[in-house]
Amino acid sequence: MAGQEYLQSLLRTHRYDIDDLLQVPVGMDKTVWLYEHMRQICIELGWYIVEMHRECTETGCPMMRANEDTYFCAGHGHPKPCSAIGYSVHTVNYAIGQLNNQGSFPSRLYVPETSMKHFQSMARRIYRIFAHAYFHHREIFEVQENATFLYARFVKLARKYELSPESLIIIPELPTTISADDADF
Ligand SMILES: [Zn+2]
Ligand SMILES: [Zn+2]
């Protein structure tokens, strides 16, 4: 658990210094640091979704959309349509299930090369949660982002580890709430 504790202690003091947060600790494998970050992002997304749910309801957002696109939910064995809030909850649960899967992630000391693809698929789906918030619940996105820098951290992590093609990164570079100093991602 050392990696998780270290990351959480860094977040208490350096939440807004994203480069510092992503810096791989000495002696740690960089994919293990990715694992710890993804796990932490899933934990924080749990709180994020609670905030989003104040405005994002089954009736108001009956399908998961981000801007023009509609997405099926993969948290069910086979993909099916879910409300935006359902998609968000199911996606985070799915990602946590993957991260806890002993077959894919047998150790906290290394990540098998073959398991990198799991990070890519979870990142692609998690991205849509942020994109839904940005395009459909902008005020919530901005308030959350101001307080947490969670999206900024997530997108920088995704780029650093090449988890998502640039074409899928559809939130503009400079969300209005992020100061220029922190916007060099
Ligand atoms: Zn919504
Ligand atoms: Zn679902």
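Per chain, residues are indexed from 1 in the order of the written sequence. Written order determines the labels here, with chains lettered from A and ligands numbered from 1. For a predicted model such as this one, the threshold for reporting local features is a pLDDT of at least 70, and the threshold for listing and counting side-chain atom pairs is 80 or more; totals across whole chains, interfaces and linings nevertheless cover every residue. Side-chain calculation: all heavy atoms of the structure are included, whereas hydrogens and water are not.

1. Considerations on the coordination of the zinc ion (ligand 1)
- At 2.0 to 2.3 Å from the zinc ion (ligand 1) lie its protein donor atoms, namely C56 (SG), C61 (SG), H132 (NE2) and H137 (NE2).
- What the four donor atoms of the zinc ion (ligand 1) show is an angle range of 102 to 117° at the metal, which sorts the shape as tetrahedral.
- Of note, the donors binding the zinc ion (ligand 1) are all from one chain and are spaced C-x4-C-x70-H-x4-H. Of this pair, C61 sits in the loop between α3 (30-52) and β1 (64-66) while H137 sits in the loop between α5 (116-136) and α6 (138-148), and the two are 76 residues apart along the sequence. Coordinating N, O and S atoms are those within 2.8 Å of the metal (3.2 Å for Na, K and Ca), and as water is not part of the atoms, a site may appear to have fewer donors than expected. Irregular is the default label, applied whenever a site is not tetrahedral (four donors, all angles between 85 and 135 degrees) and neither square planar nor octahedral (four or six donors, opposite donors over 155 degrees apart, all other angles between 65 and 115). Put simply, DSSP marks the helices as runs of H or I at least four residues long and the strands as runs of E at least two long, and each gets a number from the N terminus on.

2. Some details on α6
- We call a residue buried when its accessible area falls under 20% of the maximum for its residue type, exposed when it is over 50%, and partly exposed in between, using a 1.4 Å probe and counting protein chains only. Every buried residue of α6 is listed here: I140, F141, E142, Q144, E145 and T148.
- Any pair of residues with heavy atoms lying within 4.5 Å of one another is described as a contacting pair. Close packing links the buried residues of α6 with α3, α5 and α7 (150-160).
- One or two positions beyond α6, positive phi appears at F149, with a value near 55°.

3. Describing the environment of L21
- Here L21 is to be found in helix α2 (residues 18-22).
- Along the chain, L21 and W33 lie twelve residues apart, while their C-alpha atoms are 9.8 Å from each other.
- Sequence-distant contacts of L21, that is, excluding residues within four places in its chain, are made with L10, L11, H14, R15, W33, H37 and R153.

4. Observations concerning the coordination of the zinc ion (ligand 2)
- The protein atoms that coordinate the zinc ion (ligand 2) are C73 (SG), H76 (NE2), C82 (SG) and H90 (ND1), at distances of 1.9 to 2.3 Å.
- Mapping the donors of the zinc ion (ligand 2) onto the primary sequence gives the spacing C-x2-H-x5-C-x7-H.

5. With respect to the side chain of R153
- Structurally, R153 can be placed in helix α7.
- The term polar contact refers here to a pair of N or O atoms within 3.5 Å; inside protein, the definition further demands a hydrogen-donor-capable atom paired with an acceptor-capable atom, and it admits residues adjacent in sequence only when both atoms are side-chain atoms. At 3.1 Å, the side chain of R153 and the side chain of E44 are in polar contact.
- In this structure R153 touches L11, R15, I18, L21, L22, H37, Q40, I41, E44 and T148, once residues within four positions along its chain are discounted.

6. Some details on the packing of aromatic side chains
- Only rings of Phe, Tyr and Trp enter the pairing, Trp through its six-membered ring, and a pair is recorded when the two centres are within 6.5 Å. The plane angle decides the type: under 30 degrees is stacked, over 60 is edge-to-face, the rest tilted. This structure, assessed with the given rule, holds twelve aromatic pairs.
- Taken together, a centroid distance of 6.4 Å and an interplanar angle of 35° make the contact between Y127 and F154 tilted. With Y127 in helix α5 and F154 in helix α7, the pair connects residues that are 27 residues apart, well separated along the chain.
- Since its relative accessible area comes to 2%, F154 is described here as buried.
- Among the aromatic residues, those joined into a cluster by ring pairs are Y48, Y127, F130, Y134, F135, F141, Y151 and F154.
- Note on geometry: a ring has a charge over it if NZ (lysine) or CZ (arginine) is within 6 Å of the ring centre and within 35 degrees of the ring normal. We note R138 situated over the ring of Y134; from NZ or CZ to the ring centre the distance is 3.6 Å.

7. A look at the environment of R159
- With respect to the secondary-structure elements, R159 resides in helix α7.
- In terms of polar contacts, R159 uses its side chain to reach the side chain of E166, at 2.8 Å.

8. Describing the UniProt feature "binding site: Zn(2+)" (unreviewed entry) in the protein chain
- UniProt positions are given in the numbering used here, feature names are shortened, and annotations may be inferred rather than shown by experiment. On the UniProt side, "binding site: Zn(2+)" (unreviewed entry) is annotated at positions that read C56, C61, H132 and H137 here. Taken along the chain, the residues just named run across 82 residues; in space they keep tight, none of their C-alpha pairs more than 10.4 Å apart.
- Among the structural elements, C56 can be located in the loop between α3 and β1.
- Overall, C56 belongs to the buried group, its relative accessible area being 0%.

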